[in-house]
Amino acid sequence: MDRRGRKPLRRAWCCSFRIPPSSPDNPSIHHHSKSRHKSETLSKHSVSVPNSPQSAKSGFPIVGRIDPRRILSPGRVSPIDSDPTADIDIPSAPQLRSNSFRAPTPNLRPPPPESSAVKEAFDVRLNLRGKNGGYMIVEVDSEVLSANSAVFAGLIANYKKEEGGPTMEVENLGVFKDTIELMFEDEDHVTNKLKKIGVYRSIDILEVSAGIMFTKGVTSCLKYIEAVPWTEEEEEKLRSLFTRFKFDDAATRDILGRLYFHDSVDSQPNVARQLVWSISTCEDTNARNELKSLVKGLLCKSSVYEKNHLDPSKEDLYSVCHSCLGSLISLFQEASETTPPVRLMRKDMSKPLIERISRQVDNINWLLEIMLDGQVAEDFVHIWADQQQLLKMRENASPMIRYELSRVSAILFVAIGTRKLQCGLKARSGLLQAWFGPMLFDFGWLQRCRKGLDIRSLEEAMGQTLLTLPLKQQNVLFMEWFRHFSRHGTECPNLSKAFQIWWRRSFLRGSETYAIESR
């Protein structure tokens, strides 16, 4: 007691760093028998506690020399007691050093270091070993430690029965130190500290708190993490943590609601199908183009996202595709004035006919790209080759409209010619017989209105697709191209390279072919 009759206030905790072996900078000499006795004492109380992974933002710098001082209170530095029973011999390893370690009890006025109250407050010493070789000694009030952690309560009970202090192996000394600090803070101060360190570090503290059964730390971390946005890295870190630790359902319900669907997969609507349908009926050009790029990136096979059941099925894609084809046929009927007046009145006349036709072609090509990525586009080759009604109406349509149909054919030719689409001979033959002629007539318009189409790639792919047919069919189609090219020149695709290959295979090697057949 002081002169005023008041009891001295107790200190909460402190931290010290020591150099295990003797050296000229550390004259402390221990006898061999005492060192052996201390090592045996530590091994009796060693325990490994689950901890968070090493973070690039945590920990202390590794140095070769340790300042043999400990921080007993804010602003006060006192040398470590020379009591031989408190010294610990540690094998040579990289050491940690911190500039200062302030006690988290700013409202308490600490007594002088030499006061007996200090020795009473720091009645337990934690020997923390890092998996990276670091070492830290923390002296704390055993009452606070036991009241906040069931794991520490058991360790301290054993520590008081035997000589020495508990030794714990942790993965990240910095995170473990921050977690212990929270035990000496009230709830408001804990929340403020979590706000300062951010979500990533708070997840680390949550993991340590769960490992040592520190309830206040777990509750505070969960409350803070649920209330703020996460980065994708933080989200994955949370998912990993929840697979390894079981928390109270009431405390984690809202967090889990942001990570997982609580309902079963079967009860969830087919989101991908709804997205595809919505885009196919979108009328705003800018919004439609933006959404197409977004959804295609999410659904493609190379997407970084795990799609699982969200992939649109083949039936869904073809269902939307048939709907677009039906709309395209109606629009060509309107263009050829073969649609009954009653049906024309029901149509959306707010946009020009050319724009509405182009929108449906864009939809078909977009769906076709998704099918090609999913390797389910083979059936579409048969469907497009069988569009006799469109082919008939195309003959009477304006070139400004009819060339839109060749944009669909161009996507198929490029896919087959570049080996992205494999289909049978019957499908390839039907496609070329139906749409090769229209492509020759519409090529000039395709050159002027490319809409993202690579003309050189198209010419190369058309030639390669022709070369996949039997020579007899190649003969008919190449001669048709030759006549058209001689009349229209650059308004016709240049298939000269493929034509030369066909000529060499058909005539220059004709004698060899005849010899083989005669055998």
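On a predicted model such as this, the values are computed, not experimentally measured, just so you know. (Residues numbered from 1 in each chain as written. Predicted model: local features only at pLDDT ≥ 70, side-chain atom pairs only at ≥ 80, totals over all residues. Heavy atoms only, no water.)

Q: Can you tell me about the overall build of the protein chain, naming the residues and giving the values?
A: From N to C terminus, the protein chain includes 22 helices and nine strands. Across the 519 residues that make up the protein chain, the buried fraction comes to 45%. When the accessible surface of the protein chain is summed, it comes to about 28,300 Å², and 51% of that surface belongs to carbon and sulfur atoms. (Helix = DSSP H or I, 4+ residues; strand = E, 2+ residues; numbered from the N terminus. Buried < 20%, exposed > 50% of the residue type's maximum accessible area, 1.4 Å probe, protein only. Areas by Shrake-Rupley, 256 points an atom, 1.4 Å probe, with all protein chains shown as cover.)

Q: Give a detailed account of unusual backbone geometry, specifying residues and quantitative values.
A: Note: most residues except glycine have negative phi, and most peptide bonds are trans. One non-glycine residue, arginine 419, adopts positive backbone phi at about 65°. Here arginine 419 lies in the loop between helix 17 (399-417) and helix 18 (425-448). By relative accessible area, which is 74% here, arginine 419 ends up exposed. A positive phi angle is found at lysine 451, which is not glycine, with a value near 50°. The topology assignment puts lysine 451 in the loop between helix 18 and helix 19 (455-466). Under the relative-accessibility criterion, lysine 451 is labelled partly exposed at 44%.

Q: Go over the nonpolar core, please, and point to the residues and values.
A: Phe332, Leu367, Phe380, Trp384, Phe436 and Leu458 are the most contacted members of the largest nonpolar core, which totals 72 residues. Apart from residues lying up to four places away in sequence, leucine 458 is in contact with Ala410, Phe413, Val414, Met439, Phe443, Leu446 and Leu453. Formed by 42 residues, the second largest nonpolar core is a distinct cluster that contains Phe152, Tyr159, Ile180 and Ile225. (Core = buried A, V, L, I, M, F, W, Y, C linked by side-chain atoms within 4.5 Å. Contact = heavy atoms within 4.5 Å.)

Q: Kindly report on the side chain of glutamine 360, identifying the contributing residues and their values.
A: Mapped onto the fold, glutamine 360 is located in helix 14 (residues 353-374). The buried category is assigned to glutamine 360, whose relative accessible area is 7%. For glutamine 360, the contacting residues outside a window of four places in its chain are Cys324, Ser327, Leu328 and Leu331.

Q: How would you sum up the packing of helix 15 (residues 378-385) against helix 17? Please name residues and give values.
A: Packing of helix 15 against helix 17 leaves a shortest axis separation of 11 Å and a crossing angle of 145°. For helix 15 against helix 17, the interelement crossing comes out left-handed. On helix 17, the residues that touch Phe380, Val381 and Trp384 of helix 15 are Leu405, Val408, Ser409 and Leu412. Of the residues in the contact of helix 15 with helix 17, the class split is six nonpolar, one polar and no charged. (Axes fitted to C-alpha atoms, helices over the stretch in contact; angles between N-to-C directions. Left-handed = near helix turned anticlockwise from the far one by under 90°. Nonpolar A, V, L, I, M, F, W, Y, C, P; charged D, E, K, R; others polar.)

Q: Describe in detail the pairing of strand 7 (residues 124-130), supporting the description with residues and values.
A: Counting buried residues in strand 7 gives six out of seven residues, a clear majority hidden from the surface. In terms of strand pairing, strand 7 meets strand 8 (residues 135-140) through six bridges, oriented antiparallel. Looking at the pairing, leucine 128 lines up with methionine 136 of strand 8. Taken together, strand 7 and the strand that follows it, strand 8, pair antiparallel across an intervening segment of four residues, in which glycine 133 is found at a positive phi of about 100°. The pairing of strand 7 with strand 9 (residues 167-170) spans four bridges and is classified as parallel. By the bridge assignment for strand 9, asparagine 127 is matched with threonine 167. (Pairing = 2+ DSSP bridges.)

Q: Let's hear about the environment of cysteine 449: which residues, and what values?
A: The topology assignment puts cysteine 449 in the loop between helix 18 and helix 19. Accessibility expressed as a relative area gives 25% for cysteine 449, which makes it partly exposed. In sequence terms cysteine 449 and arginine 407 are 42 residues apart; their C-alpha atoms lie 10.0 Å from each other.

Q: Any chance you could break down the layout of surface pockets for me, citing the residues and the numbers?
A: The volume enclosed by the second largest pocket comes to roughly 640 Å³. At the level of elements, helix 11 (285-299), helix 14 and helix 17 are the ones that each hand at least two residues to the lining of the second largest pocket. Take the lining of the second largest pocket: its biggest share by element is six residues, from helix 14. Of the residues contributing to the lining of the second largest pocket, the split by class is six nonpolar, six polar and 10 charged. (1 Å grid on protein atoms, 1.4 Å probe; cavity = no way out; pocket = protein on both sides within 12 Å on 5 of 7 lines; lining within 4 Å. Points joined across faces, edges and corners; volume = space filled by probe spheres on them.)

Q: Before we move on, could you go through helix 18 and cite the residues and values that matter?
A: Look at helix 18: 32 Å from first C-alpha to last across 24 residues, which is about the 34 Å you get at 1.5 Å a residue. Taking the largest bend as the criterion, helix 18 deviates by roughly 55°, centred on aspartate 442. (Expected span 1.5 Å × (residues − 1). Bend = angle between axes of the 7 residues up to and from the residue.)

Q: Tell me about the confidence of the model for the protein chain, and name the residues and values.
A: Here the protein chain shows a mean pLDDT of 76. Residues at 70 or above account for 67%. Residue range residues 16-48 is modelled with pLDDT below 50. Its contacts to residues more than four positions away, or to other chains, number 67 contacts. Every residue in residues 513-519 is under pLDDT 50, and counting partners more than four places away or in other chains gives zero contacts. (pLDDT = per-residue confidence, 0-100.)

Q: If you had to explain the pattern of salt bridges to someone new, which residues and values would you point to?
A: Counted by the stated rule, this structure contains 21 salt bridges. In this structure, the salt-bridge partner of glutamate 355 is lysine 351, at a minimum N-O distance of 4.0 Å. In this structure lysine 351 comes out as partly exposed when scored by relative accessible area, which is 25%. Note that arginine 448 and glutamate 491 form a salt bridge whose closest N and O atoms lie 3.4 Å from each other. Of this pair, arginine 448 sits in helix 18 while glutamate 491 sits in the loop between helix 20 (471-488) and helix 21 (496-508), placing them 43 residues apart in sequence. In this structure glutamate 491 comes out as partly exposed when scored by relative accessible area, which is 33%. Where salt bridges share partners, they join Asp362, Glu404, Arg407 and Lys451 into one cluster. (Salt bridge = Lys/Arg side-chain N within 4 Å of Asp/Glu carboxyl O.)

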